[in-house]
Amino acid sequence: MDQHHLRSARPQSAEDNKDSYSWKKFKPDAKLIVDFNRPPKAPWALDTIPSTKVGATECGNGSSYVTLGNTDVTLTAQVWDPDGGDVNVQFHLWATGKHDVSPGVFFDKKVKVTVSASSSSGAPAKVTVPKALLDQHKGASGGQFSWKAQVEDVADAGFASDWTPTQGAPGCRFGFDPTAPSVMPTVQSKGNVYPENAEGALARTPGAFVLGANGVGDITEYKWGLDRTPPNNSAKPATAGGSVEVTVTPLTPGPHTLYVQAFDAGKNAGPVYPYRFYVKSPGVVDKPGDVNGDGLPDMFAVDGNDNLRLYGGTGDGAVATSLTLSSGGGWAGALMTHRGDWTEDFYEDLVARKADGKLWLYPNNGQGEFTEDTRQEVYVFPDDETGVPTDTSAIRQIVSVGDITPNTESYNPDFVAVIGDQLWFLPGWSGGTVESGYLIGSSGWEKMTLASPGDVDGDGFVDLVARDRTSGALWLYHGKSRGDADGDGVPDGGTDPGSLGHGSSRTQYASGWTPASRPLVTASGDSDGDDVPDLWTTTSNTSAGLEFVPGRRTGPVGTPTAVGTTGWQAIKAIS
């Protein structure tokens, strides 16, 4: 970011007052606005039309690839710039293995796309490669072609993302065989419940789709998959070349793709048709702690292999079998928290301080799935006085407490964090940004383990749970009103952040919760349906390693219940 400083000099004469470049006196409320520019994010979700994705994460850049028939090929990518506005998306295509030798990159096209800074889900970019061009070059590498995409700032091409796949790595790849089946099946939404490339019904509404042979008389099977490719759900028509009806129920709002592929009597596969449609949101933010949309609080965990897991809540304080969200590690030492929607899609998102010292936002796809592809680094604004942002690598504990300092413009979750031996409040802003914040607890916080339960005592203000790892005492810090700071006679709303760090506002909630007996502690939200936020803890009991602890409006916590058996001692973190 460029920084600009104002300097003033005393006018030497009255004439100086008429000179627009001479000394001027600013009003007390004068503001200096600085524009800054950030590089676009590297493209993601690369695919083609017809689709050539291999599994959920590969675009042909691994050991296998998809071969297309005699058809034009549209290259597609999802792109985003944190500053919003127009970006140029550049596509390069070459015969595989011939990038730096003849014929080299023979397809080099740019397309302009407009993105929104507040929507990190990005916007699609696409460009079509004519089949005649592919046919012309198919002999250079046995009909295999590779491609990549890059995003540039329209105003300054020097602000460019990395290539995807990254520079020096193999590109996305597909095969081109003009003699292979080239006709995609037809797909129609029965009753237009989910029209193509348009917004349809609300999430969780069943929709019937009619799959057709597109004039090919020997089609005997269709395969389809919602947001999964290659498709593997089978549907067979009553007669060859006929159509078939399937029912699909999208569980989450937003964009979806129904992948459909037709097979002839010889089981030769035709190209995959990606039928894209949009599902309406009910417009209601998920309940606190709920990340998969079933209305029940869920729990994240980092396992013994440093992978991220999701345990769905079942409504009785227990958790379902875990869903593994990552592979290959990468979550060692992560500090995780989830309480609130950062991306304005009504889904609760995950925020993590990773081992690299950076704070990362993982947007929720609505089903409790979080990937490295869509994550974005949380930008921390510099402190108003020092000009230096809070060092996120110095954070020892962090919890999201929801938007406790609300305004009328947007919902932006806030953070409470332990830095050194102090407790800090970090106000959240839109687009995955936070302020450097201010001190709310001066000392004694290094030994604390934080948890964010919400409003425990029922007074309408958010509370904070802190476990003293030295004494084993569990404290409940009661949130208080923000009062009427602007003096308009109307309470400001929300919770006073300072009250979450005052020793005078705390009451003891439990005792004997040492790290030896209860290694990990987190607040789950209301997990048993009594309108009081609850807790989950791991234990030293190797046969009952996870306990549900009911919350209480007054007095100590309720009687713990074992909800997990073996294996919990290997878990390194929960949230």
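All values reported here derive from a predicted model rather than from experimental measurement.

Caption draft 1: How the structure looks around the overall build of the protein chain. Each helix and strand counted, the protein chain has one helix and 39 strands in total. Structurally, the protein chain occupies a C-alpha span of about 85 × 80 × 45 Å along its principal axes. Burial status across the protein chain gives 48% buried among its 575 residues. Partitioning the contacts of the protein chain with sequence separation of at least 6, the portion at a separation of at least 24 is 56%. When the accessible surface of the protein chain is summed, it comes to about 26,500 Å², and 50% of that surface belongs to carbon and sulfur atoms.

Caption draft 2: Examining the sheet that holds strand E12 (residues 219-226) more closely. Taking strand neighbours across the sheet as the criterion, the five strands line up as E10-E16-E15-E12-E13 in an open arrangement whose pairing is mixed. Looking at the sheet topology across the chains shown, the edges are occupied by strand E10 (199-202) and strand E13 (233-235). Taking the axes of each pair of neighbouring strands and ignoring which way they run, one obtains an average angle of 35° across the sheet. When E12 meets strand E15 (residues 254-264), the two strands line up antiparallel, connected through seven bridges. Residue pairing across strands places Gly225 opposite Tyr259, the latter belonging to E15.

Caption draft 3: Region of the structure containing the domain arrangement of the protein chain. Partitioning the protein chain into domains gives domain 1 (41-176), domain 2 (186-280) and domain 3 (299-574). Counting residues at the interface gives seven residues for domain 1 and seven residues for domain 2. Of the roughly 610 Å² buried between domain 1 and domain 2, counting both surfaces, carbon and sulfur atoms make up 58%. Taken together, the links from domain 1 to domain 2 amount to zero salt bridges.

Caption draft 4: Layout of the pairing of strand E21 (residues 350-353). Residues Leu350 and Ala352 point to one face of E21 and Val351 and Arg353 to the other, with burial holding for every one of them. Where strand E20 (residues 335-337) and E21 come together, three bridges link them in antiparallel fashion. Its bridge partner being in E21, Leu335 is matched across the sheet by Arg353. By the bridge criterion, four bridges tie E21 to strand E22 (residues 359-362) in an arrangement that is antiparallel. Within E22, the residue paired with Arg353 across the bridge is Leu359. Counted along the chain from E21 to the antiparallel partner E22, the turn is five residues long, and its residue Gly357 has a positive phi close to 85°.

What counts and what doesn't
- Residues numbered from 1 in each chain as written.
- Predicted model: local features only at pLDDT ≥ 70, side-chain atom pairs only at ≥ 80, totals over all residues.
- Heavy atoms only, no water.
- Helix = DSSP H or I, 4+ residues; strand = E, 2+ residues; numbered from the N terminus.
- Buried < 20%, exposed > 50% of the residue type's maximum accessible area, 1.4 Å probe, protein only.
- Contact = heavy atoms within 4.5 Å.
- Areas by Shrake-Rupley, 256 points an atom, 1.4 Å probe, with all protein chains shown as cover.
- Pairing = 2+ DSSP bridges.
- Axes fitted to C-alpha atoms, helices over the stretch in contact; angles between N-to-C directions.
- Domains from an automatic or database assignment.
- Buried area = accessible area lost by both parts, 1.4 Å probe.
- Salt bridge = Lys/Arg side-chain N within 4 Å of Asp/Glu carboxyl O.

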